[in-house]
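For reference, the chains in residue letters:
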Amino acid sequence: MSKSAFVAIVGRPSAGKSTLLNALCGAKVSIVSPVPQTTRNTVKGIINRKEGQLVFLDTPGFHISEKKLNLKLKTVAVNALNDADLIIYLIDATREPGSEEEQLAAAIKPFSARIVAAVNKIDHKDADADRAEAFVKEQLPAISGTTIRISAREQQGLDELVETLLERAPEGPLWYPEEYYTDQDPVFRIAEIIREKAILHTREELPHALYIDYQDSRKLNDGSLEAQFDIVVERDSQKGIIIGKGGSMIRKIREEAEADLAEIFDYPVRLRLQVRVDPSWKHDDKRLDSLIY
Ligand SMILES: Nc1nc2c(ncn2[C@@H]2O[C@H](COP(=O)(O)OP(=O)(O)OP(=O)(O)O)[C@@H](O)[C@H]2O)c(=O)[nH]1
Ligand SMILES: [Mg+2]
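Every chain is numbered on its own, with residues counted from 1 as its sequence reads. In the order they appear in the text, chains get letters beginning with A and ligands get numbers beginning with 1. Only residues with pLDDT of at least 70 get local features here, since the model is predicted, and only at 80 or more are side-chain atom pairs given and counted; chain-wide, interface and lining totals rely on the full set of residues. Side-chain descriptors were evaluated using all non-hydrogen atoms of the structure, hydrogens and water having been removed beforehand.

(A) Expanded view of the pattern of salt bridges. When a carboxyl oxygen of Asp or Glu lies within 4 Å of a side-chain nitrogen of Lys or Arg, that pair is called a salt bridge. Scanning all chains against the criterion turns up 25 salt bridges. Residues Lys121 and Asp92 are paired through a salt bridge, measuring 3.0 Å at the closest nitrogen-oxygen approach. Of the two residues, Lys121 is situated in the loop between strand 5 (115-120) and helix 4 (129-139) and Asp92 in strand 4 (residues 86-92); the sequence distance between them amounts to 29 residues. Notably, a salt bridge pairs Glu205 with Arg235, separated by 3.1 Å at the nearest N-O pair. Within this pair, whereas Glu205 is found in the loop between helix 6 (186-200) and helix 7 (206-209), its partner Arg235 is found in the loop between strand 8 (225-233) and helix 8 (236-243), the two being separated by 30 residues in sequence. Relative accessibility under 20% of the residue-type maximum defines a buried residue, over 50% an exposed one, and the middle range a partly exposed one, all with a 1.4 Å probe and only protein chains included. Residue Glu205 is classed as partly exposed on the basis of its relative accessible area of 37%. Starting at the N terminus, helices and strands are each numbered in turn, a helix being any DSSP run of H or I of at least four residues and a strand any DSSP run of E of at least two.

(B) Expanded view of the packing of aromatic side chains. Geometry of aromatic contacts follows a simple scheme: Phe, Tyr and Trp rings, the Trp one being its six-membered ring, pair when their centres are within 6.5 Å, and the pair is stacked under 30 degrees between planes, edge-to-face over 60, tilted otherwise. Tallied over the entire structure, the rule returns 5 aromatic pairs. Sitting over a ring, as applied to charges here, requires NZ of Lys or CZ of Arg to be within 6 Å of the ring centre and within 35 degrees of the ring normal. Taking NZ or CZ as reference, Lys219 lies 3.7 Å from the ring centre of Tyr267, over its face.

(C) Quick peek at the sheet that holds strand 5. A sheet is described by the order of its strands in space; here 6 strands give the open sequence 2-3-1-4-5-6, paired in mixed fashion. Strand pairing shows two members of the sheet lacking a second neighbour, strand 2 (43-49) and strand 6 (148-149), which therefore form its edges. In this description, strands pair whenever DSSP reports at least two bridges between them. Relative to strand 3 (residues 52-58), strand 2 is paired through 7 bridges, and the arrangement is antiparallel. Each residue of the ladder has a partner; that of Lys44, found in strand 3, is Leu57.

(D) Quick look at the site of ligand 1. Note on definitions. A residue lies near a molecule or strand when any single heavy atom of the residue is within 4 Å of it. Close contacts around ligand 1 come from 23 residues, with Lys17, Thr19, Gln37, Thr38 and Asp123 the closest. In this structure, an oxygen atom belonging to ligand 1 sits 3.4 Å away from a main-chain N or O atom of Ser33. Polar contacts here mean pairs of N or O atoms no more than 3.5 Å apart (in protein, one a potential hydrogen donor and the other a potential acceptor; neighbouring residues in sequence count only if both atoms are side-chain atoms). The contact in question runs from an oxygen atom of ligand 1 to an N or O atom on the backbone of Gly61, over 3.1 Å. A total of 650 Å² of accessible area belongs to ligand 1 in isolation, and the protein chains cover 93% of it. To be clear on the numbers: accessible area is Shrake-Rupley with a 1.4 Å probe, and residue cover counts the displayed protein chains and nothing else.

(E) View of the environment of Asn70. Considering the arrangement of structural elements, one finds Asn70 in helix 2 (residues 68-83). Under the relative-accessibility criterion, Asn70 is labelled buried at 9%. Two residues qualify as a contact provided that any one of their heavy atoms is within 4.5 Å of a heavy atom in the partner residue. Excluding its chain neighbours within four sequence positions, the residues that come into contact with Asn70 are Gln37, His63 and Ser65. A polar atom in the side chain of Asn70 sits 2.8 Å from the side chain of Ser65.

Listed below in structure tokens is the structure:
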């Protein structure tokens, strides 16, 4: 019998959860940006070792807000906690734990028996791993084992983290074939990569104002996939920013996304991007249900 576990990765926005998932899987599974609340769905990444299989669940950052979108993101994270055999509680060593970190710790406290605590960004000059570790001891005294110090970006401490998880994983069947490293469908992955590029090149409220809407796709004779997506924003002024002078911004987003997609898929993906305005998508329950689940 082999071991297998679903492992939720939880933490505040920008703690480095998606960077950790990618480092563990050795591939870009989940998009990453310096903007908090980049991840909007539970994104799965799978690794296999001789001891068994770990299925990681990347989750939206835990953020306190009464806005509809934020409440939905929180529900996604809480559902992942409930689904998980083990939980990585990821703390950003560069930030002082404030009330949001305390509220997150309180929310995961009932799951203490399943938690492995990890302090991230120890490579950073502002990192204070002792402070983060003391916070864990104080707020979550019931979790067992030591807090593991890692750098997701520099890939430090990851072997120790995986070993600890495998030690604590229950016996069980392999949920995915060994060649899988994610379960995401291609349309979702392409939309996410486009969203990452759009986030990386915009600022302030724009990263949170947009979503990517799939329109159509077809296989071309040369074996490539032509896929059409709308970049949807909330206001006309934002539309202008995404298009850029003479279309320069949307071209950059397309070219960078296509370059990333070339690493992921074994056929070329040609993108057709357009910008659309939808002022009320964040208040549209149906739309939110289709985007965040
Ligand atoms: N120095 C340093 N930076 C890191 C590390 N891990 C992540 N980062 C950076 O932190 C920022 C946020 O990383 P993400 O992986 O998107 O964080 P996240 O927790 O998934 O964020 P949300 O999805 O918004 O909740 C990015 O700029 C990363 O490059 C690390 O180990 N060291
Ligand atoms: Mg993320």
